[in-house]
Amino acid sequence: MAYEVVKSAVVPVPREMLGTEDERVLIWLARESFMNFAAGQCLELAEWRDLGELPADEIPPAQETTHGSPHETHAWRRFEGVMRRPAPPSMTDVHAAGGAIVADEGVPVEVAR
């Protein structure tokens with residue numbers, strides 16, 4: 001099995017933001033942060049889930065006080081992502097590229113035959 005990292009985040013969302021375009025942007029930004037984290041670890045975001053609002057009794061009290069976001073005024077959403085090591089290129093892809101692999105920067109990398 002490939003190397004894998006599972007990351008979870010709990011984010012406070014002001015209740016007046018629920019159901020608005022701002023909430024959709026927040027969800028998009030949460031996914032983007034998971035993608036950036038994965039890229040920083042040389043991994044790919046293989047799975048991502050918005051697990052929705054947490055019940056008030058599942059919110060750690062320390063998190064409420066740290067963020068200054070009590071459950072009365074904020075909904076707390078949990079997001080989860082699974083990051084995995086990317087699969088190496090197949091030999092078919094290498095031969096189709098003329099024996100060269102293109103690195104992330106777009107620079108061909110020679111492969112000895």
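Only a predicted model underlies this, so the values are computations on that prediction, with no experimental measurement involved. The residue numbering used here restarts from 1 in each chain and proceeds along that chain's sequence as written. For this predicted model, a pLDDT threshold of at least 70 governs which residues receive local features, and a threshold of 80 or more governs which side-chain atom pairs are given and counted, while totals over whole chains, interfaces and linings are taken from all residues. Derived side-chain values reflect all non-hydrogen atoms in the structure, with water molecules and hydrogen atoms excluded from consideration.

1. Things to note about the overall build of the protein chain
Line of reasoning, step 1. For helices the rule is a DSSP run of H or I covering at least 4 residues; for strands it is a run of E covering at least 2, with both sets numbered from the N terminus onward. A tally of helices and strands in the protein chain yields three helices and five strands.
Line of reasoning, step 2. Each helix and strand of the protein chain, placed in order from N terminus to C terminus, yields the pattern β-α-β-α-β-α-β-β.
Line of reasoning, step 3. The classification of residues rests on relative accessible area computed with a 1.4 Å probe and restricted to protein chains. Under 20% of the type maximum is buried, over 50% is exposed, and intermediate values are partly exposed. When each of the 113 residues of the protein chain is scored for burial, the buried share is 24%.
Line of reasoning, step 4. Residue contacts follow a heavy-atom distance rule, with two residues in contact if any of their heavy atoms lie within 4.5 Å. Partitioning the contacts of the protein chain with sequence separation of at least 6, the portion at a separation of at least 24 is 70%.
Line of reasoning, step 5. Summing over all exposed atoms, the protein chain offers an accessible surface of approximately 7,700 Å²; the carbon and sulfur share of this is 57%. Only the protein chains shown count as cover for residues, and all accessible areas are computed by the Shrake-Rupley method using a 1.4 Å probe.

2. Thoughts on the nonpolar core
Line of reasoning, step 1. One finds V13, L26, I27, A30, F34, A38, L43, L45, W48, F79 and M83 forming the largest nonpolar core, which totals eleven residues.
Line of reasoning, step 2. Those elements that place two or more of their residues in this core are α1 (21-40), β2 (44-53) and β3 (74-84).
Line of reasoning, step 3. With five residues, α1 is the single largest residue contributor to this core.
Line of reasoning, step 4. Beyond its immediate chain neighbours, meaning those up to four positions away, L45 contacts R31, F34, M35, A38, G81, V82 and M83. For our purposes a nonpolar core is just a set of buried Ala, Val, Leu, Ile, Met, Phe, Trp, Tyr and Cys residues, chained together by side-chain atoms within 4.5 Å.

3. What to know about the sheet that holds strand β1 (residues 4-14)
Either a parallel or an antiparallel arrangement is found when strands of a sheet pair, and the pairing is made through backbone hydrogen bonds.
Line of reasoning, step 1. Strands qualify as paired when DSSP identifies two bridges or more between them. Strand order in the open sheet made by the three strands is β1-β3-β2, with antiparallel pairing throughout. Two strands bound the open sheet, and with one partner strand each, they are β1 and β2. Put simply, the sheet's adjacent strands are angled 20° from each other on average, direction ignored.
Line of reasoning, step 2. Here β1 pairs with β3 via eleven bridges, running antiparallel. Paired with K7 across the bridge in β3 is G81.
Line of reasoning, step 3. For helices, the fitted line uses only the C-alpha atoms of the stretch in contact; every axis is such a line through C-alpha atoms, and the angle between N-to-C directions lies from 0 to 180 degrees. Seen against the sheet, α1 touches β1, β2 and β3 and runs at an angle of roughly 30° to β3.

4. Observations concerning the packing of aromatic side chains
Line of reasoning, step 1. Pairing of aromatic side chains requires ring centres within 6.5 Å, counting the rings of Phe and Tyr and the six-membered ring of Trp. Pairs whose planes differ by under 30 degrees are stacked, by over 60 edge-to-face, and all others tilted. Applying the stated criterion across every chain, the model contains two aromatic pairs.
Line of reasoning, step 2. Between F34 and W48 the ring centres are 6.5 Å apart and the planes differ by 75°, which places this aromatic pair in the edge-to-face class. Within this pair, whereas F34 is found in helix α1, its partner W48 is found in strand β2, the two being separated by 14 residues in sequence. No difference in accessibility class separates F34 from W48, as the two residues are buried.
Line of reasoning, step 3. Measuring from ring centre to ring centre gives 5.6 Å for W48 and F79, while their planes differ by 15°; the resulting arrangement is stacked. Of this pair, W48 sits in strand β2 while F79 sits in strand β3, and the two are 31 residues apart along the sequence.

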